[in-house]
Amino acid sequence: MKTVIEKISNDQKILNQNKIAAAGKIIQEGGLVAFPTETVYGLGADALNPEASRKIYEAKGRPSDNPLIVHISRMEDLTAIVSHVPRQAVKLAQRFWPGPLTMIFKKAKQVPLQTTGGLDTVAVRMPDHPVALALIQAGGGYIAAPSANVSGRPSPTLAEHVAQDMEGRIPMILDGGAVGIGIESTIVDVSGDIPMILRPGFITLEMMWEVIGEVRLDPGLAEDDPSVRPKAPGMKYKHYAPKAELILIHGAQEKVQQKINDLTQEAEGSGKTAGVIGTDESCGCYCHGIVKSIGARSDEATVARHLYAILREFDQQEVDIIYSESFSSSGIGQAIMNRMLKAAGHQIIEA
Ligand code: TXA
Ligand code: MG
């Protein structure tokens with residue numbers, strides 16, 4: 001299959017309606033289109049068409065029990081796909097939609113089980129991106145979209161990343177340039193009594209607490225308790241992973257830098273190519289290996305934005321091992337560390 005890559009402006013006023021219409025037609029006819037959102041690129045299909053959802057699993061090589069997020073563009077479209085909208089969900093939607101927050105509801109009948117991985121709940125999000133919103137409308141209102149990577153690979157934050165994974169597998173990629181946030185949406189389950197965060201993201205527990213009061217973290221997210229299974233099926237898979245082994249180093253900054261210098265020197269001594277993930281503040285302190293800055297420690301949003309791209313760059317440079325600094329576990333840092341620990345298979349060394 002030939003993959004058409006269409007460059008498309010993110011400026012709402014000059015959105016190319018012909019390109020959006022062509023992409024919407026592919027979706028309506030049951031095909032797949034990759035498109036930008038504010039978090040990561042998505043791989044979209046008509047969420048109400050079971051055969052279209054099946055194609056997503058096939059293109060990604062994704063296990064069929066891992067449910068998809070349904071993307072909508074208008075609040076009034078929510079009621080058709082969920083059986084009940086809890087009061088807290090209304091408040092969260094008013095505050096954070098469109099935006100990087102996915103909510104889990106009890107599903108309505110018309111959402112096929114192929115889209116929800118067999119579950120009786122459905123994940124819904126309204127993305128904050130003009131191209132995504134226009135495509136959802138052109139595609140019929142309900143687009144199921146996981147991140148547009150091959151299952152297990154880092155999520156795409158550029159159209160080039162989508163092409164690396166999906167070229168030849170899907171008919172169209174809408175190229176809206178680099179995404180703004182860089183890690184996937186926060187997922188909160190509002191189908192039970194107390195809202196529960198199943199995947200940390202840009203919208204933090206503290207931000208939701210301010211709007212609705214009590215919110216909890218899924219105990220399955222705590223990496224120190226392997227006996228508790230995460231509630232979001234996708235969180236149990238090895239994920240976001242680069243091809244090289246990734247090891248995180250934790251501790252006081254100076255000690256971390258010393259440790260990474262020791263480890264990279266050792267790696268080079270045994271003939272390996274090592275990669276180092278440092279920050280704008282620390283990169284000058286590293287003496288061995290291929291050193292990249294992931295962003296500014298003083299502004300962790302920049303770290304989130306560059307994380308997946310840096311893992312893919314190291315893949316292309318075919319390094320054998322990557323050593324990375326670790327980050328705070330508050331605010332957006334919690335989401336960064338959640339993704340980094342998964343990419344590292346939870347390998348973390350104390351400096
Ligand atoms: O930012 C995002 O959320 C991106 C963009 C494209 O919107 N999408 C995304 O989708 O990250 P995906 O498929 O890569 O991750 C969806 C996660 C998976 O971990 C899945 O298991 C979980 O959401 N999920 C989906 N539906 C669920 C449900 N009904 N109950 C529990 N977890 C669910
Ligand atoms: Mg994903």
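Since the model is a prediction, treat every value here as computed from it, not as a measurement.

Caption draft 1: Structural view of the overall build of the protein chain. Secondary structure summary: the protein chain contains nine helices and 16 strands in total. Over its C-alpha trace the protein chain gives a radius of gyration of 20 Å, about what one expects of a compact globule, namely 20 Å for 351 residues. Per-residue burial for the protein chain yields a buried fraction of 56% across its 351 residues. Considering only contacts within the protein chain whose residues lie at least 6 apart along the sequence, 68% involve residues at least 24 apart. Carbon and sulfur atoms provide 51% of the accessible area of the protein chain, an area that totals close to 14,600 Å². One way to put it: in the protein chain the 35 positive side-chain charges average out to a point 6 Å from where the 41 negative ones average out.

Caption draft 2: Region of interest: the packing of aromatic side chains. Evaluated as defined, the whole model comprises zero aromatic pairs. Across from the ring centre of Phe 314, 5.1 Å away, lies the NZ or CZ of Lys 292, which sits over that ring.

Caption draft 3: Focus on the site of ligand 1. By nearness alone, 28 residues border ligand 1, and Thr 39, Asn 66, His 71, Ser 185 and Gly 234 come closest of all. One of the side-chain nitrogen or oxygen atoms of Asn 66 is found 2.7 Å away from an oxygen atom of ligand 1. At a separation of 3.0 Å, an oxygen atom of ligand 1 approaches a polar side-chain atom of Ser 147. Burial of ligand 1 by the surrounding chains reaches 97%, relative to a free accessible area of 690 Å². Of all elements in the fold, only strand 4 (69–71), strand 6 (121–125) and strand 10 (196–199) reach the threshold of two or more residues within the shell around ligand 1. A per-element tally of the shell around ligand 1 places strand 6 first, with four residues.

Caption draft 4: Representation of the packing of helix 3 (residues 87–96) against helix 6 (residues 205–212) in the model. It is at 9 Å that the axes of helix 3 and helix 6 come closest, and there the two elements cross at 120 degrees. The angle between the axes of helix 3 and helix 6 places the two elements in the oblique class. As helix 3 runs across helix 6, the sense of the crossing is right-handed. Note on element contacts: helix 6 touches helix 3 through Met 207, Met 208, Val 211 and Ile 212, opposite Gln 88, Lys 91, Leu 92, Arg 95 and Phe 96. Split by residue class, the contact of helix 3 with helix 6 holds six nonpolar, one polar and two charged.

Caption draft 5: Representation of the sheet that holds strand 5 (residues 101–106). Read from one edge to the other, the open sheet built from 11 strands follows the order 1-8-2-3-7-4-6-5-9-10-11, with strand pairing classed as mixed. Every interior strand has two partners, whereas the edge strands, strand 1 (4–7) and strand 11 (216–217), have only one. Examined bridge by bridge, strand 5 and strand 9 (residues 186–189) share four bridges and lie parallel to one another. Across the sheet, residue Ile 104 finds its bridge partner in strand 9, namely Asp 189. Against the sheet, helix 3 touches strand 5 and strand 9, its axis set at about 155 degrees to strand 5.

Caption draft 6: Looking closely at helix 2 (residues 50–60). Buried within helix 2 are the following residues: Ala 52, Ser 53, Ile 56, Tyr 57, Ala 59 and Lys 60. On its buried face, helix 2 sits against strand 3 (42–46), strand 7 (143–144) and helix 5 (159–166). The backbone nitrogen of Glu 51 lies 3.0 Å from a side-chain oxygen of the residue at the head of helix 2, namely Asn 49. Where helix 2 terminates, the next one or two residues include Gly 61, which has phi positive at roughly 65 degrees.

Caption draft 7: The sheet that holds strand 14 (residues 290–293), seen in detail. Overall, parallel pairing links the five strands, which are arranged 14-13-15-12-16 in an open sheet. The strands lining the two open edges of the sheet, one partner per strand, are strand 14 and strand 16 (348–350). Here the strands of the sheet are splayed against their neighbours by 25 degrees on average, with no regard to which way each runs. In this fold helix 9 (residues 332–343) packs onto strand 12 (245–250), strand 15 (321–325) and strand 16, with an angle of close to 135 degrees to the strand it touches most, strand 12.

Caption draft 8: Here's a closer look at the environment of Ala 45. Tracing the backbone through its elements, the reader meets Ala 45 in strand 3. Since its relative accessible area comes to 0%, Ala 45 is described here as buried. Along the backbone, Ala 45 and Ala 145 are 100 residues apart, and their C-alpha atoms lie at a distance of 6.6 Å. Ignoring sequence-local partners within four residues, the contact set of Ala 45 consists of Ile 27, Gly 31, Leu 32, Ala 52, Ile 56, Tyr 142, Ile 143 and Ala 144.

Caption draft 9: Just unusual backbone geometry, in detail. Cis rather than trans, the peptide bond between Trp 97 and Pro 98 has omega equal to -10 degrees. Tracing the backbone shows Pro 98 in the loop between helix 3 and strand 5. Located in the positive-phi region is Glu 318, a residue other than glycine, with phi close to 55 degrees. Looking at the element boundaries, Glu 318 is found in the loop between helix 8 (300–316) and strand 15. Phi at His 346 is positive, roughly 65 degrees, even though this residue is not glycine. Among the structural elements, His 346 can be located in the loop between helix 9 and strand 16.

Caption draft 10: Spatial organisation of the nonpolar core. Residues Leu 43, Leu 92, Trp 97, Leu 101, Met 103, Val 124 and Met 208 are the most contacted members of the largest nonpolar core, which totals 46 residues. Every residue in contact with Trp 97, bar those within four places of it in the chain, is listed here: Ile 72, Met 75, Leu 78, Leu 92, Met 103, Val 124, Arg 125 and Met 126. Membership of the second largest hydrophobic core comes to 35 residues, among which are Ala 232, Ala 304, Ile 310 and Ile 332.

Conventions and cut-offs
Think of each chain on its own: its residues are numbered from 1, step by step along the sequence as written. Following the order in which they are written, the chains are lettered starting with A and the ligands numbered starting with 1. The predicted nature of this model means local features are confined to residues of pLDDT at least 70 and side-chain atom pairs, given and counted, to a pLDDT of 80 or more, with totals for whole chains, interfaces and linings taken over all residues. Side-chain descriptors were evaluated using all non-hydrogen atoms of the structure, hydrogens and water having been removed beforehand. The helix and strand labels rest on DSSP assignments: H or I over at least four residues marks a helix, E over at least two residues marks a strand, and numbering proceeds from the N terminus. Just to be clear, the radius of gyration here is over C-alpha atoms, and the globule rule we use is 2.2 Å times residues to the power 0.38. Burial classes follow relative accessibility: with a 1.4 Å probe on protein chains only, a residue under 20% of its type's maximum area counts as buried, one over 50% as exposed, and anything between as partly exposed. Contact definition: two residues touch when any of their heavy atoms are within 4.5 Å. Here, Shrake-Rupley sampling with a 1.4 Å probe gives the accessible areas, and only protein chains in the shown set may cover a residue. Neither His nor the chain ends contribute to the count of charged residues, in which Lys and Arg are positive and Asp and Glu negative. By convention, the point assigned to a charge is CZ for Arg, NZ for Lys, CD for Glu and CG for Asp. Any two rings among Phe, Tyr and Trp, with Trp reduced to its six-membered ring, count as a pair given centres within 6.5 Å; such a pair is stacked if its planes are under 30 degrees apart, edge-to-face if over 60, and tilted if neither. For a ring to carry a charge above it, either NZ of a lysine or CZ of an arginine must fall within 6 Å of the ring centroid while also lying within 35 degrees of the normal to the ring plane. Whether a residue is near a molecule or strand is decided by its heavy atoms; if any one of them lies within 4 Å of it, the residue is near. In protein, a polar contact means a hydrogen-donor-capable atom and an acceptor-capable atom, both N or O and within 3.5 Å, with residues adjacent in sequence counting only if both atoms are side-chain atoms; elsewhere, any N or O pair within 3.5 Å suffices. Note on method: axes are straight lines fitted to C-alpha atoms, helices fitted across the in-contact stretch only, with angles between N-to-C directions ranging 0 to 180 degrees. Oblique is the label for every angle not falling under 35 degrees (roughly parallel), over 145 degrees (roughly antiparallel), or within 65 to 115 degrees (roughly perpendicular). Each crossing gets its handedness from the near helix: less than a right angle anticlockwise from the far helix is left-handed, clockwise is right-handed. For this classification, Asp, Glu, Lys and Arg are treated as charged, while Ala, Val, Leu, Ile, Met, Phe, Trp, Tyr, Cys and Pro are nonpolar and the rest, including Gly, are polar. Think of it this way: DSSP has to see at least two bridges between two strands before they count as a pair. For our purposes a nonpolar core is just a set of buried Ala, Val, Leu, Ile, Met, Phe, Trp, Tyr and Cys residues, chained together by side-chain atoms within 4.5 Å.

On their own, these measurements won't tell you what the molecule is for.
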